[in-house]
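Residues per chain are reported as follows:
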Amino acid sequence: MAASTGPYTLPPLPYAYNALEPVISQQIMDLHHKKHHQTYVNNLNAALASQAKATQSNDISALVSLLQKIKFNGGGHINHSLFWENLTPPDSDASKLETAAPTLHKAIVSRWGSEQAFKDTFSDTLLGLQGSGWGWLVSRGNGGKLDITTTKDQDPVTAPEVPIFGVDMWEHAYYLQYLNNKGGYVSQIWRVINWAVAEERYKHGIDSSKTFKPAM
Amino acid sequence: MSASLFRTSFARAALRAGAASTPKAAGVAGMTFARGKATLPDLAYDFGALEPSISGKIMELHHNMHHKTYVNSFNEASEKLAAAKESNDIAAQIALQPLINFHGGGHINHSLFWENLAPKSQGGGEPPSGALGKAIDDTFGSLESFQGKFNTALAGIQGSGWAWLVKDNQTGNIGIKTYANQDPVVGQFTPILGIDAWEHAYYLQYQNRKAEYFKAIWEVINWKTAEKRFQ
Ligand SMILES: [Fe+2]
Ligand SMILES: [Fe+2]
């Protein structure tokens, strides 16, 4: 795959590649960010370039056949960009739900009864995914009703739902470390959820232009 | 060696299945059932026998863990389905269908997959001949061109899934089809040859370089099995 020609670029990780150890190994983070995410970015840019060409030449059948490519690779770029930001090193301040996300914590407890009940429900949802996909905590608009949802493959969360945080359940997200033990990955991931970012998204939503297209 | 292992495995399956076993049931590719329960079929070769195309570690995890989980989860869902039928709970029967499809499909797909692989020393990678070889030439021009199209189909899978060479039961024609997740080849089509494109099938060895896996696996394809399925 040739180097990306824009308009989208791979956002840098907000922490070191080994910062999530022992929950997620450096090797996984390396491959996941530099290879998998980069490929989504490259393929998205390539599909958008083809789209521009097809638009110019009024090639409607080419335009239609490009939609799924844009959705898949654009979704891959969106989902991974959100994912890196909603993770944080274990034991960091941001990893503590109650103190890092007081508003969201209250909303979670009122919706699921307790932090544990929420985590159990979310974990069950992740483990129930058949094939590749993502699990999300979403709110209906800023500060709205909370729900747990899944999206298949690289489908992104779309309006009016706001993605508060997501967990990548593709096998590439955990396999080198957890192998077929995805239950182990799911139980460990709670140690690295960035609740400060989740709180921010819950209250104010996501600034799409900054999050997915960093200034060059 | 492999042929005798094979027979042993079938004979054992037939024993387990008891009086209910018919020659046809025992002949269904490796899908063994005992007292209505699915069981994990034995491999006809050692875990390491497909190296360097597929590492022994991958084969061991893939067979002993992944496939086994599909078998267990399918049996669990089947028991629940039987209970739901017993109690005439139609809603529960419908709700169980996705689990039956996913885990039952996982069992079927992997059983077919193990059998359409073989070590090089046991004929792995030897080109198809006979009716299937001719059908491939007629349909795709050549084996190389077929493999190219098949690999393009594999690379195009967005998420987890399988690519299959299938026979259309209505026309007798062959073609390439991809299936999401563990959706099995059923109904109008007969599975001839399948390749697992889930990340667990290659990640420990190839990581994100899945095109290398798709290229290497042709070295251990058992075309003899495919020929039998075609007929
Ligand atoms: Fe991912
Ligand atoms: Fe598999």
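Residues numbered from 1 in each chain as written. Chains lettered and ligands numbered in written order. Predicted model: local features only at pLDDT ≥ 70, side-chain atom pairs only at ≥ 80, totals over all residues. Heavy atoms only, no water.

## A word on the layout of surface pockets
1) Next: Space inside the largest pocket adds up to approximately 920 Å³.
2) Next: Looking at the lining of the largest pocket, the elements that each hand over two or more residues are α1 (26-56) and α2 (60-85) of chain A together with α6 (143-155) and α8 (210-216) of chain B.
3) Next: Looking at the lining of the largest pocket element by element, the count peaks at 11 residues for α1(A). (1 Å grid on protein atoms, 1.4 Å probe; cavity = no way out; pocket = protein on both sides within 12 Å on 5 of 7 lines; lining within 4 Å. Points joined across faces, edges and corners; volume = space filled by probe spheres on them. Helix = DSSP H or I, 4+ residues; strand = E, 2+ residues; numbered from the N terminus.)

## Let's talk about the domain arrangement of chain A
Residue and element names in this part refer to chain A.
1) Next: Domains assigned within chain A are domain 1 (26-86) and domain 2 (93-204).
2) Next: On a C-alpha basis, the centroid separation for the pair domain 1 and domain 2 is 23 Å.
3) Next: Of the residues lining the interface, 17 residues belong to domain 1; the matching set on domain 2 comes to 23 residues.
4) Next: Both faces considered, domain 1 and domain 2 share a buried interface measuring about 1600 Å² in area, 63% of it formed by carbon and sulfur atoms.
5) Next: Taken as a group, Ile28, Asn79 and Asn86 account for 38% of the area that domain 1 buries against domain 2, more than any other trio of residues on that side.
6) Next: Here domain 1 and domain 2 share two salt bridges between them.
7) Next: With its nearest N and O atoms 4.0 Å apart, the salt bridge here joins Glu85 to Arg201.
8) Next: The set of elements that each furnish at least two residues to the side of domain 1 that touches domain 2 consists of α1 and α2.
9) Next: For the side of domain 1 that touches domain 2, the element with the highest residue contribution is α2, accounting for 10 residues.
10) Next: Of the residues assigned to the side of domain 1 that touches domain 2, the class counts are seven nonpolar, eight polar and two charged. (Domains from an automatic or database assignment. Contact = heavy atoms within 4.5 Å. Buried area = accessible area lost by both parts, 1.4 Å probe. Salt bridge = Lys/Arg side-chain N within 4 Å of Asp/Glu carboxyl O. Nonpolar A, V, L, I, M, F, W, Y, C, P; charged D, E, K, R; others polar.)

## Let's talk about the coordination of the iron ion (ligand 2)
1) Next: Distances from the iron ion (ligand 2) to its protein donors, His62(B) (NE2), His110(B) (NE2), Asp196(B) (OD) and His200(B) (NE2), fall at 1.9 to 2.1 Å.
2) Next: Around the iron ion (ligand 2) sit four donor atoms; with metal-centred angles ranging over 89 to 137 degrees, the donor geometry is irregular. (Donors = N, O, S within 2.8 Å, 3.2 Å for Na, K, Ca; no water. Tetrahedral: all angles 85-135°; square planar, octahedral: opposite > 155°, others 65-115°.)

## Some remarks on the pairing of strand β3 (residues 161-168) of chain A
Residue and element names in this part refer to chain A.
1) Next: The buried fraction of β3 amounts to seven of the eight residues, a majority that puts the element mostly inside the structure.
2) Next: The pairing of strand β1 (residues 133-140) with β3 spans seven bridges and is classified as antiparallel. Bridge pairing links Trp136 to Gly166 in β3. (Buried < 20%, exposed > 50% of the residue type's maximum accessible area, 1.4 Å probe, protein only. Pairing = 2+ DSSP bridges.)

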